[in-house]
Amino acid sequence: MTQNSSSVLDHFNLFREPEYLEMFENKKKNFENSHPKERVEEIREWTKTWEYREKNFGREALTVNPAKACQPLGAVFVAVGFEGTMPFVHGSQGCVAYYRSHLSRHFKEPSSCVSSSMTEDAAVFGGLNNMIDGLSNTYSMYKPKMIAVSTTCMAEVIGDDLNGFITNARNKGSVPEDFPVPYAHTPAFVGSHITGYDNALKGILSNFWEGKTRVAKDKINLIGGFDGYTVGNTREVKRMLDLMGVDYTILADNSEVFDTPADGEFRMYDGGTTLEDTAAALNAKATISMQQYCTEKTLSYAATHGQEVVSFNHPVGVAGTDKFLMEISRITGKAIPALLTKERGRLVDAIADSSAHIHGKKFAIYGDPDLCLGLAAFLMELGAEPVHVLSTNGGNDWLGKMEALLASSPFGAGCHAYAGKDLWHMRSLLFTEPVDFLIGNTYGKYLERDTGTPLIRIGFPVFDRHHHHRYPVWGYQGGMNVLVTVLDKIFDEMDKNTNIPAKSDYSFDIIR
Amino acid sequence: MSLTVEQVKVRNQALIEEVLEVYPEKTAKRRAKHLNVYEEGKTDCNVKSNIKSIPGVMTIRGCAYAGSKGVVWGPIKDMVHISHGPVGCGQYSWAARRNYYIGTTGVDTFVTMQFTSDFQEKDIVFGGDKKLEKIMDEIEDLFPLNKGITVQSECPIGLIGDDIEAVSKKKSKEFGGKTIVPVRCEGFRGVSQSLGHHIANDTVRDWIFDKSEGKHPEFVSTPYDVSIIGDYNIGGDAWASRILLEEMGLRVIAQWSGDGSIAELENTPKAKLNVLHCYRSMNYISRHMEEKYGIPWVEYNFFGPSKIEASLREIASHFDDKIKEGAERVIAKYKPLMQAVIDKYKPRLAGKTVMLFVGGLRPRHVIGAYEDLGMEVVGTGYEFGHNDDYQRTTHYVKDGTLIYDDVTGYEFEKFVEKVQPDLVGSGIKEKYVFQKMGVPFRQMHSWDYSGPYHGYDGFAIFARDMDMAINNPIWGLTKTPWANS
């Protein structure tokens, strides 16, 4: 017995104690009927080979460790970005428990959302009564200003008619006549969470814009897209636009609700785009999306109303931010202020200071399509090589765009993009064509463990590091954050690889 | 200023009335049946349970898929569990439950991986059986050391009429009799995780037990063979339990299902006794083994020294004197450690009140551990309990305890606001709500990334964690110093 009260051992150390090690050994030997150690080792080595890689890339049906989620997650993410809005997901209830957990694990914040709790009888007869009762209960209990409806795959497979159901519920008095209940069909078997983001946002906008006449104004709309850094990024974008004196509306602004204070009060709703601003957003001069692949339908919808639409690909770094600011400046006629110019200079300065440590380093990146484009562009700006860029939810259009980006820089030579592939594919890539660093979400830690490629956590979800969502990765300041994050890992690795006394520690330099 | 039991009852009753006011009439009537104040001497908590959640109220519950893939099957480490359907279900539950295991992931074990058929529209339209066949081929090809496959159905499977049983049988035959288990755990079935547990239990019966008789002739039984049933090894719980059973002289032949393997499942019918921790999720298979193989089962509780001690004796009572003596030896061995833990933490925790809302066995099982530390549980409820859980709860709760079944977000928030416990123990969805309110919180599903909490080793960690939650200095700083002036 090694447990003791003065220094309590938990799972980190307890199970390394001899009595537990012996127990594990006996369990394995006597009861698990496990494969011989040599056989396990043989297969483990085989999974590192080119032969395995080819088999692995030959997969046609099986997905292993994908880097994408399903549509309704994106719909919930959008909904909470509107003032006093409760996301309502029509279908099975377990899904909602999953979205809420997923978002809470990333943001370390509450995540409110309701379900219409459809069960077997609803599968047979349809979920109309669930919609009627559900809207009525949500309205009474949680006093929302708006209820944004989306769907799970169950409701989609049985073909529930959202529009009809909501009208029906309204007629039955579930919610007042003029109470906004926008909706979007968000089948999990089409696209991913970024598709759901798009559908839900379009659904909300059309709820307010349909049948209205646009009176063009100078204000612009800005959309962040599905973004794990929404808290930091949205605030940074606002700061930059404020500095420029731009009149803007952030659509689906969830930067407050995912960052509420611990002051004794639970805020189910906080901040968000006001419903008034959402309606008035129809009159905007332009709608600008920070993430093209999160907003394809939304932007084309805005375009049909006569707005200019512009999109970026999760811009990170100097040139990405330049382009963003110049577009804003072009559209609004506002100049880019001296302070931002100075911030730009500081980022350039920082990159110049550190470039020797990054130049020529090889990276693998995975994530949502826009994030991959933004990060790859930044890496090449740093003189690094994005050797493997993989997006599970990237399509052919993304693939073309990514390849064009790689072709645009000498640092992209020999680099490849992979659309629709998963992290088990990435595992093969890392074994057969190793890189220096991997950039991805928390699940990349399994790749780090298996392949030894150090992981830099940038993406969504990040469950096992705290609070990074509070820091922007957009703007020159955001570029600085990304730069420092990457550098910290590079330096940590350098130290880790040079710290053996009398063997490698001559390079254990005090100044780097 | 502490209230008398009678005052507590009056307050709790008033609180129930108050929360019901917010609901539309029909809903208030339904919810009223799930809320109660426990009356000492009653054999039941007098709440309705295991019935449908009401739409739109923000239930905390999950689904049958979560009960099967997430709870029962997922931890079986040497099998590949396919989340069959769209990508989300497997993604959100990927490695989130902390079912610890030992193995080379991706080679001979697969628990923390997400295998999915990633259904697309064409699979919905044309059916997914062909795809499933191909998936199984690819699993065999790329993961040759897997010992079996389960198909964890997501909602669409049951709606589009796929025949996963036929595919499983066909492929099993093709793969030389490999165990392939089709599980009909679509999320819309039943009212919570609970039916998923039951369905999963039944598939072990039908697709493992019935097909594995005589499969391990090398297995030599002993009179002291037991299986741990219903321990998912969260943060190592089953390990901290197994070590005690072995120390008292028993031989643990299987773990269900934390750090479990298919061979262990197959050999379980050879046990002399099944020891059952999570009654809710695995009573079904325990009853089946009792009926079919004559294996008795006993419920036990390894939270906190009082319950552990009673449980070790209860388990030992099924064996001879050697084991009974073994139990006493184990109890005596750990007594000084337990005393030291209590001496250290009880002064910091005595008199503190706790409100719980969890799943499975924990809404009752952890009460003793809190009481060992001088704490009091003043409210509790089950996410997906049945009436037999609420009956068992009466052995644990005190007169006047607030009982809430399938609590809604609104109710839980109001109850905590009014009762003002010193600690809330619930899940990730609740954690941040209460911390914003300035109420200390511990996740009681995942042990808040700590653990184990089972066994004597686990109790030391439990005590430490409750202390660090309640006595976290930050709770003194939630209010600005200038607000009061």
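A quick note: this is a predicted structure, and the numbers were derived from the prediction, not measured. (Residues numbered from 1 in each chain as written. Chains lettered and ligands numbered in written order. Predicted model: local features only at pLDDT ≥ 70, side-chain atom pairs only at ≥ 80, totals over all residues. Heavy atoms only, no water.)

Novice: In this structure, what is going on with the overall build of chain B? I would like to understand it.
Specialist: A tally of helices and strands in chain B yields 20 helices and 14 strands. Taken over the C-alpha trace, chain B has a radius of gyration of 23 Å; the compact-globule value for 485 residues is 23 Å, and the two agree within 12%. Overall, the C-alpha framework of chain B stretches about 75 × 60 × 40 Å when taken along its three principal axes. The buried share of chain B, reckoned over its 485 residues, is 68%. (Helix = DSSP H or I, 4+ residues; strand = E, 2+ residues; numbered from the N terminus. Rg over C-alpha atoms; globule rule 2.2 N^0.38 Å. Buried < 20%, exposed > 50% of the residue type's maximum accessible area, 1.4 Å probe, protein only.)

Novice: Help me understand the overall build of chain A in this model?
Specialist: Secondary structure summary: chain A contains 21 helices and 13 strands in total. Its C-alpha atoms give chain A a radius of gyration of 25 Å, within 12% of the compact-globule value 24 Å for 512 residues. For chain A, the spread of C-alpha atoms along the principal axes amounts to about 75 × 65 × 55 Å. Within the span of chain A, comprising 512 residues, buried residues form 62% of the whole. Counted over contacts in chain A with a minimum sequence separation of 6, partners at least 24 positions apart contribute 73%. With the model as given, the accessible surface of chain A reaches about 18900 Å², and the carbon-plus-sulfur share is 52%. Charged side chains in chain A number 50 positive and 63 negative. The centres of these two groups are separated by 1 Å. (Contact = heavy atoms within 4.5 Å. Areas by Shrake-Rupley, 256 points an atom, 1.4 Å probe, with all protein chains shown as cover. Lys, Arg positive; Asp, Glu negative; His and termini not counted. Charge placed at Lys NZ, Arg CZ, Asp CG, Glu CD.)

Novice: Please clarify how helix H14 (residues 321-349) of chain B should be interpreted in this entry.
Specialist: Quick reminder: α-helices carry 3.6 residues per turn. Residues three or four places apart thus point the same way. Residue and element names in this part refer to chain B. Residue Lys335 marks the point of greatest curvature in H14, where the axis turns by about 40 degrees; the proline Pro336 follows within four residues. Within H14 the residues assigned to the buried category are Ile323, Gly326, Ala327, Val330, Ile331, Tyr334, Leu337, Met338, Val341, Ile342, Tyr345 and Leu349. Among the residues trailing H14, Gly351 stands out with phi positive, at a value near 85 degrees. (Bend = angle between axes of the 7 residues up to and from the residue.)

Novice: Which parts of the structure should I look at to understand the UniProt feature "domain: Nitrogenase/oxidoreductase component" (unreviewed entry) in chain A?
Specialist: In this numbering, the UniProt entry assigns the feature "domain: Nitrogenase/oxidoreductase component" (unreviewed entry) to residues 70-487 of chain A. Here residues 70-487 of chain A is 48% helix and 13% strand, with 33 Å between the C-alpha atoms at its ends. (UniProt positions renumbered as here; feature names shortened; annotations may be inferred.)

Novice: So what exactly am I meant to see when it comes to unusual backbone geometry here?
Specialist: When glycine is set aside, most residues are seen to have a negative phi, and most peptide bonds are trans. Residues and elements named next belong to chain B. Going from Trp256 to Ser257, the amide bond is cis rather than trans, its omega being -10 degrees. With respect to the helices and strands, Ser257 occurs in strand S7 (residues 251-257). Here Gly451 and Pro452 are connected by a cis peptide whose omega angle stands at 0 degrees. Within the secondary structure, Pro452 is located in the loop between strand S14 (441-443) and helix H20 (455-470). Of note in the backbone geometry, Asp118 takes a positive phi value of approximately 40 degrees without being a glycine.

Novice: I tried to follow the packing of helix H9 (residues 193-207) of chain B against helix H12 (residues 279-293) of chain B on my own but got confused; where do I start?
Specialist: The relative placement of two packed helices comes down to the angle between their axes together with the axis-to-axis distance. All names here are of chain B. Interaxial distance between H9 and H12 falls to 8 Å at its minimum, and their mutual angle equals 30 degrees. Considering the angle they form, H9 stands roughly parallel to H12. The crossing of H9 and H12 is right-handed. In contact with Ser194, His197, His198, Asn201, Val204 and Arg205 of H9, H12 contributes Arg280, Ser281, Met282, Asn283, Tyr284, Ile285 and His288. By residue class, the composition of the contact of H9 with H12 is four nonpolar, seven polar and two charged. (Axes fitted to C-alpha atoms, helices over the stretch in contact; angles between N-to-C directions. Parallel < 35°, antiparallel > 145°, perpendicular 65-115°, else oblique. Left-handed = near helix turned anticlockwise from the far one by under 90°. Nonpolar A, V, L, I, M, F, W, Y, C, P; charged D, E, K, R; others polar.)

Novice: I'm lost on the pattern of salt bridges in this one. Help?
Specialist: Any two side chains of opposite charge can pair if their charged atoms end up close together. Residues and elements named next belong to chain A. A full pass over the atoms with the stated rule returns 73 salt bridges over all chains. One salt bridge connects Arg239 with Glu343, and the closest N-O pair in it is separated by 2.8 Å. Of this pair, Arg239 sits in helix H12 (residues 230-244) while Glu343 sits in helix H16 (residues 338-358), placing them 104 residues apart in sequence. By relative accessible area, Arg239 is classed as partly exposed at 25%. Of the charged contacts, one joins Arg267 and Asp263 as a salt bridge, the two residues approaching to 2.7 Å between their closest N and O atoms. Classification of Asp263 by relative accessible area gives partly exposed; the value is 23%. (Salt bridge = Lys/Arg side-chain N within 4 Å of Asp/Glu carboxyl O.)

Novice: Would you take a moment to explain the packing of aromatic side chains for this structure?
Specialist: Any two aromatic rings considered together are summarised by their centre-to-centre distance and by the angle between their planes. One pass over the structure, following the stated rule, counts 48 aromatic pairs over all chains. Between Trp424 of chain A and Phe143 of chain B, the ring centres sit 5.2 Å apart and the planes meet at 45 degrees, which makes this aromatic pair tilted. Of the two residues, Trp424 of chain A is situated in helix H19 (residues 423-432) and Phe143 of chain B in the loop between helix H6 (129-142) and strand S4 (148-153); the pairing between them involves two chains. Here Trp424 of chain A falls in the buried class, since its relative accessible area comes to 3%. Ring centres of Phe110 of chain B and Phe143 of chain B lie 5.9 Å apart, and the angle between their planes is 90 degrees; on these two criteria the pair is classed as edge-to-face. Of the two residues, Phe110 of chain B sits in the loop between helix H4 (88-92) and strand S3 (115-116) while Phe143 of chain B sits in the loop between H6 and S4, which places them 33 residues apart along the sequence. Owing to a relative accessible area of 0%, Phe143 of chain B belongs among the buried residues under this scheme. When the ring centre of Phe57 of chain A is taken as reference, the NZ or CZ atom of Arg53 of chain A above it lies at 5.5 Å. (Phe/Tyr/Trp six-rings, centres within 6.5 Å; stacked < 30°, edge-to-face > 60°. Lys NZ or Arg CZ within 6 Å of the ring centre and 35° of its normal.)

Novice: How should I be thinking about the UniProt feature "domain: Nitrogenase/oxidoreductase component" (unreviewed entry) in chain B in this particular structure?
Specialist: When the UniProt feature table is mapped onto this chain, "domain: Nitrogenase/oxidoreductase component" (unreviewed entry) is found at residues 63-470 of chain B. Overall, residues 63-470 of chain B shows 47% helix and 14% strand. The separation of its end C-alpha atoms is 32 Å.

Novice: Before we go on, may I ask you to explain the sheet that holds strand S9 (residues 362-366) of chain A in this structure?
Specialist: Hydrogen bonding along the main chain pairs the strands of a sheet, whether they run parallel or antiparallel. Residues and elements named next belong to chain A. The strand order across the open sheet built from five strands is S11-S10-S9-S12-S13, with neighbouring strands paired in parallel fashion. A strand with exactly one partner marks an edge of an open sheet, and here the two such strands are strand S11 (416-419) and strand S13 (455-457). On average, each strand axis in the sheet is inclined to that of its neighbour by 20 degrees, with strand direction left out of account. Bridge analysis of strand S10 (residues 385-391) against S11 gives four bridges, and the strand direction is parallel. Along S11, the bridge assignment pairs Val389 with Ala417. On the sheet, helix H17 (residues 369-381) packs against S9, S10 and strand S12 (437-440) and is oriented at approximately 180 degrees with respect to S10. Across the sheet, helix H20 (residues 444-451) touches S9, S12 and S13, and the angle it forms with S13 is around 170 degrees. (Pairing = 2+ DSSP bridges.)

Novice: Mind showing me how you'd approach the interface of chain B and chain A here?
Specialist: Quite often, the size of an interface is put as the accessible area lost when its parts meet. Between chain B and chain A, the residue contacts involve 118 residues of the former and 101 residues of the latter. For the pairing of chain B and chain A, the buried interface totals around 9300 Å² over both sides, and the portion due to carbon and sulfur atoms is 63%. By the criterion of area lost to chain A, the three top residues of chain B are Met58, Tyr92 and Lys436 of chain B, representing 10% of everything that side buries. Our count for the contact surface shared by chain B and chain A stands at 11 salt bridges. Remark: the boundary between chain B and chain A carries 48 residue pairs in polar contact (both at pLDDT 80 or more). (Buried area = accessible area lost by both parts, 1.4 Å probe. Polar contact = N/O pair within 3.5 Å; in protein donor to acceptor, adjacent residues only side chain to side chain.)

Novice: In this structure, what is going on with the UniProt feature "domain: Nitrogenase molybdenum-iron protein beta chain N-terminal" (unreviewed entry) in chain A? I would like to understand it.
Specialist: Here the UniProt-annotated "domain: Nitrogenase molybdenum-iron protein beta chain N-terminal" (unreviewed entry) positions come out as residues 1-56 of chain A. Overall, residues 1-56 of chain A shows 62% helix and 0% strand. The separation of its end C-alpha atoms is 46 Å.

Novice: Mind showing me how you'd approach the pairing of strand S13 (residues 423-426) of chain B here?
Specialist: The side chains of a regular strand alternate, first on one face of the sheet and then on the other. Residue and element names in this part refer to chain B. Residues of S13 alternate between two faces, with Leu423 and Gly425 on one and Val424 and Ser426 on the opposite face, all of them buried. Note that strand S10 (residues 353-356) and S13 share three bridges and pair parallel. The residue bridging Leu356 from the neighbouring strand is Gly425, located in S13. Bridge count between S13 and S14: three bridges; the pairing is parallel. Bridge pairing in S14 places Gly425 opposite Arg442. Taken together, S13, helix H19 (residues 428-436) and S14 constitute a β-α-β crossover, and its handedness is right-handed. (Right-handed = clockwise from strand over helix to strand, strands pointing away.)

Novice: Before we go on, may I ask you to explain the domain arrangement of chain B in this structure?
Specialist: Residue and element names in this part refer to chain B. The domain architecture assigned to chain B consists of domain 1 (5-59 + 350-445), domain 2 (64-190) and domain 3 (225-332). Placing the centre of domain 1 and that of domain 3 at their C-alpha centroids yields a distance of 29 Å. The contact between domain 1 and domain 3 buries some 1300 Å² in all, and 52% of this surface belongs to carbon and sulfur atoms. Connecting domain 1 to domain 3 are three salt bridges. The partner of Glu299 in a salt bridge is Arg392, with the nearest N and O atoms 2.7 Å apart. Counting across the domain 1 and domain 3 interface gives nine residue pairs in polar contact (both at pLDDT 80 or more). Of all the elements in the fold, those that place two or more residues in the side of domain 1 that touches domain 3 are helix H15 (362-365), helix H16 (367-372) and helix H17 (387-393). (Domains from an automatic or database assignment.)

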